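Geometric and topological summary
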Amino acid sequence: MTGFSKGIRKVEVALKWDPSPAGRPPTDLDIVAATFLSDDPYGDPAYLVHFDSRSPDGTILLNRDSTDGKGFGWDEVMTLELDRLSDRYARVVVGVVIQQRPGHKTFAHVLNPAVRIREGYTVLAEDGFASVLGSTAATIAEFVRDDSGEWTFRPGVRGFDEDPATFTRVMGRAHPS
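Residues numbered from 1 in each chain as written. Predicted model: local features only at pLDDT ≥ 70, side-chain atom pairs only at ≥ 80, totals over all residues. Heavy atoms only, no water.

**Here's the deal with the nonpolar core**
Selection rule: By nonpolar core we mean a set of buried residues, namely Ala, Val, Leu, Ile, Met, Phe, Trp, Tyr and Cys, connected to one another through side-chain atoms within 4.5 Å. In this scheme, a residue with accessible area under 20% of its type's maximum is buried, one over 50% is exposed, and one in between is partly exposed, where area comes from a 1.4 Å probe on protein chains only. Every helix listed is a DSSP run of H or I at least four residues long, and every strand listed is a run of E at least two residues long, numbered separately from the N terminus. Any two residues whose heavy atoms approach within 4.5 Å are treated as being in contact.
Val13, Leu82, Val92, Val94, Phe129 and Phe143 are the most contacted members of the largest nonpolar core, which totals 33 residues. Looking at which element gives the most residues to this core, the answer is strand β6 (residues 89-98), with five residues. In contact with valine 94, not counting residues within four places along its chain, are Val13, Ile31, Val32, Ala33, Leu80, Thr139, Ile140, Ala141, Phe143 and Met171.

Given below as structure tokens:
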């Protein structure tokens, strides 16, 4: 068998959750992607993609956005065309953040949250956030460009206790393996 590989090319990140019970304020989760430059892969993001935004070159975009989890199937869907992303970028981190109005909400307060990451029909990862129930946000995927220029996937859910504004500043920081 040869080491021939095209790496990760185009990825779909899908997020779903059940609506809040009647009489309760809606729960709003958001997918966020942060891109990092080759010369500073753990610094500040070069740009962010989330609701009401897309990447400057159109390679990362949110295809579906929900503010209440009342969609059918996957409530939020983001597409990342990594194979089209400029060589200037070495890393993309994807996360999920819970909007904090009204009141403080963690994944324990969200009914049946789930995330699926896939390339084509191949599921790369699925998770229900059970390992981060006390968190208000979580990174769910990291894509890194290797020395040959191909993208690799690093799975793993990592919890944060941050609001949406601060999460985007810290979600890409280096962390112990």
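**Quick look at the pattern of salt bridges**
Put simply, the test is: By convention in these notes, a salt bridge is any Lys or Arg side-chain nitrogen within 4 Å of a carboxyl oxygen on Asp or Glu.
Applying the stated rule across the entire model yields seven salt bridges. Linking glutamate 81 and arginine 84 is a salt bridge whose minimum nitrogen-to-oxygen distance equals 3.2 Å. Residue classification places arginine 84 among the partly exposed positions, given a relative accessible area of 45%. Salt bridges linked by common partners bring Glu12, Arg116 and Arg118 together as one network.

**Details of the environment of arginine 88**
Worth spelling out the cut-off: As used in this structure description, the phrase polar contact means that two N or O atoms lie within 3.5 Å; if the pair is within protein, one of them must be able to donate a hydrogen and the other to accept it, and residues adjacent in sequence are counted only when both atoms belong to side chains.
In this structure, arginine 88 sits in the loop between β5 (76-81) and β6. As a C-alpha pair, arginine 88 and isoleucine 98 span ten residues in sequence and 30 Å in three-dimensional space. Residues contacting arginine 88, with those up to four places away along its chain left out, are Phe36, Leu37 and Ser38. Polar side-chain contacts of arginine 88 include one of 3.5 Å to the side chain of tyrosine 89.

**Some thoughts on the layout of surface pockets**
Put simply, the test is: A cavity here means a set of points on a 1 Å grid, drawn over the protein atoms and nothing else, where a 1.4 Å probe fits but cannot get out; a pocket is an open set with protein on both sides within 12 Å along at least five of seven lines, and a residue lines either one if it has an atom within 4 Å of a point. Grid points are joined across faces, edges and corners, and a volume is the space filled by probe spheres set on the points. In the scheme used here, Gly and all other residues not listed as nonpolar or charged are polar, with Ala, Val, Leu, Ile, Met, Phe, Trp, Tyr, Cys and Pro taken as nonpolar and Asp, Glu, Lys and Arg as charged.
Taken as a whole, the largest pocket holds about 220 Å³ of empty space. Ser20, Pro21, Arg24, Pro25, Thr27, Pro102, His104, Lys105, His109 and Leu111 are the residues that line the largest pocket. Classifying every residue of the lining of the largest pocket by side-chain character gives four nonpolar, four polar and two charged.

**Overview of the pairing of strand β1 (residues 10-18)**
For the record, the criterion: In this description, strands pair whenever DSSP reports at least two bridges between them.
Of the pairings in the sheet, the one linking β1 to β5 comprises six bridges and is antiparallel in character. If you follow glutamate 12 over to β5, its bridge partner there is threonine 79. Both β1 and strand β7 (residues 111-119) contribute to a ladder of six bridges, which runs antiparallel. Directly across from lysine 16, in β7, lies its bridge partner alanine 114.

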